[in-house]
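Coordinate inspection notes
Spelled out, the chains give:
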Amino acid sequence: MSGRLNSAQPYAVGLFRIVLGLLFTCHGAASLFGVLGGAAGTDGGTIEAGTWPGWYAAVIQLVCGALALLGLATRPAAFLASGSMAFAYFHVHQPNALWPIQNGGEQAALFCWTFLLLVFTGPGAFALGNTLRSPRTLRTEPKEEETPSEPIAA
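Notes on the structure follow. What you see as residue numbers is a count from 1 along each chain, following the sequence as written. Selection of residues for local features in this predicted model requires a pLDDT of at least 70, selection of side-chain atom pairs for listing and counting requires 80 or more, and totals for whole chains, interfaces and linings are taken over all residues. Here the side-chain values reflect all heavy atoms present in the structure, with hydrogen atoms and water set aside.

**Topic: the overall build of the chain**
The condition is simple: Starting at the N terminus, helices and strands are each numbered in turn, a helix being any DSSP run of H or I of at least four residues and a strand any DSSP run of E of at least two. Between buried and exposed lies partly exposed: a residue is buried under 20% and exposed over 50% of the maximum accessible area for its type, with that area taken using a 1.4 Å probe on protein chains only. Only the protein chains shown count as covering a residue, and every accessible area follows the Shrake-Rupley method with a 1.4 Å probe.
Scanning the chain from N- to C-terminus turns up 6 helices and 0 strands. Listing each helix as α and each strand as β along the chain from the N terminus yields α-α-α-α-α-α. Taking all 154 residues of the chain together, the buried fraction comes to 29%. Total accessible area computed for the chain in this model is approximately 10400 Å², and 65% of it derives from carbon and sulfur atoms.

As structure tokens, this is what we get:
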């Protein structure tokens, strides 16, 4: 059973990355463009351009979410997204109460930790970044060492 699950791991990680990237992109699009219900607390509106930290967080959500969704520069995008969600948690939510269930920061905490997981797992399957690399960089087996054609004299 473990063997089958292990062989499916890249595909599970790839699907996880796609869903996570889509959800994060939707948050950025809602805040920047007023789609999907708009920015939180604005009655379907947007965040004013250049306002700190909300507008910058929305840009990070849109760009990093799209990169993760597509599987392009996944690890750096996931690192930036994770850091922005850690900032959101500690700057916006944590001052209201200690626990995420009490301060409304569950979503920020989950996004933070799930993106951090992608930093370590990589994009998994279905990533555009995998198709853009040369076949040489995709090699999974170590290159066999060349053996000398003549034996070495002792």
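**Looking at the environment of arginine 75**
Let me state the cut-off plainly: In this analysis, two residues are considered to be in contact whenever any of their non-hydrogen atoms come within 4.5 Å of each other.
Checked against the element boundaries, arginine 75 lands in helix H3 (residues 74-93). Classification of arginine 75 as partly exposed rests on a relative accessible area of 40%. If we ignore the near neighbours within four places in the chain, the residues touching arginine 75 are Leu118, Val119, Phe120, Thr121 and Gly122.

**Thoughts on helix H1 (residues 2-33)**
Along an α-helix, residues three or four positions apart point the same way, because every turn accommodates 3.6 residues. Here is the rule we go by: Each helix should span, by expectation, one fewer than its residue count multiplied by 1.5 Å. One axis fitted to the seven residues ending at a residue, another fitted to the seven starting there: the angle between these axes is the bend at that residue.
With 32 residues, H1 extends 45 Å from end C-alpha to end C-alpha; this agrees with the ideal 46 Å at 1.5 Å per step. Glutamine 9 marks the point of greatest bend in H1, at about 45°, and the proline proline 10 comes within the next four residues. Val13, Gly14, Arg17, Leu20, Gly21, Phe24, Thr25, Gly28, Ala29, Ala30, Ser31 and Leu32 are the residues of H1 that are buried. In this structure, the buried residues of H1 make contact with helix H2 (54-70), H3 and helix H5 (106-121). Just downstream of H1 lies glycine 34, where phi reads positive at about 75°.

**Topic: the nonpolar core**
As a reminder, the rule being used: Side-chain atoms within 4.5 Å are what join buried Ala, Val, Leu, Ile, Met, Phe, Trp, Tyr and Cys residues into a set we call a nonpolar core.
If you look at the biggest cluster of nonpolar residues, it comprises 17 residues, and the most contacted ones within it are Phe24, Met85, Phe111, Phe115 and Leu118. Elements supplying a minimum of two residues to this core: H1, H2, H3 and H5.

**Focus on the packing of aromatic side chains**
Our working rule: Stacked, tilted and edge-to-face pairs are distinguished by plane angle, under 30 degrees for stacked and over 60 for edge-to-face with tilted covering the rest, among Phe, Tyr and Trp rings (Trp via its six-membered ring) whose centres lie within 6.5 Å.
Counted according to the given criterion, the structure contains 8 aromatic pairs. Ring geometry for tryptophan 55 against tyrosine 56: centres 5.1 Å apart, planes inclined by 85°, an arrangement best described as edge-to-face. According to the relative accessible area criterion, tryptophan 55 is partly exposed, its value standing at 25%. Aromatic side chains phenylalanine 111 and phenylalanine 115 sit 6.2 Å apart centroid to centroid with 25° between the ring planes, which places their arrangement in the stacked category. Pair noted here: phenylalanine 111 and phenylalanine 115 are both in helix H5, with a separation of 4 residues, about one helical turn.

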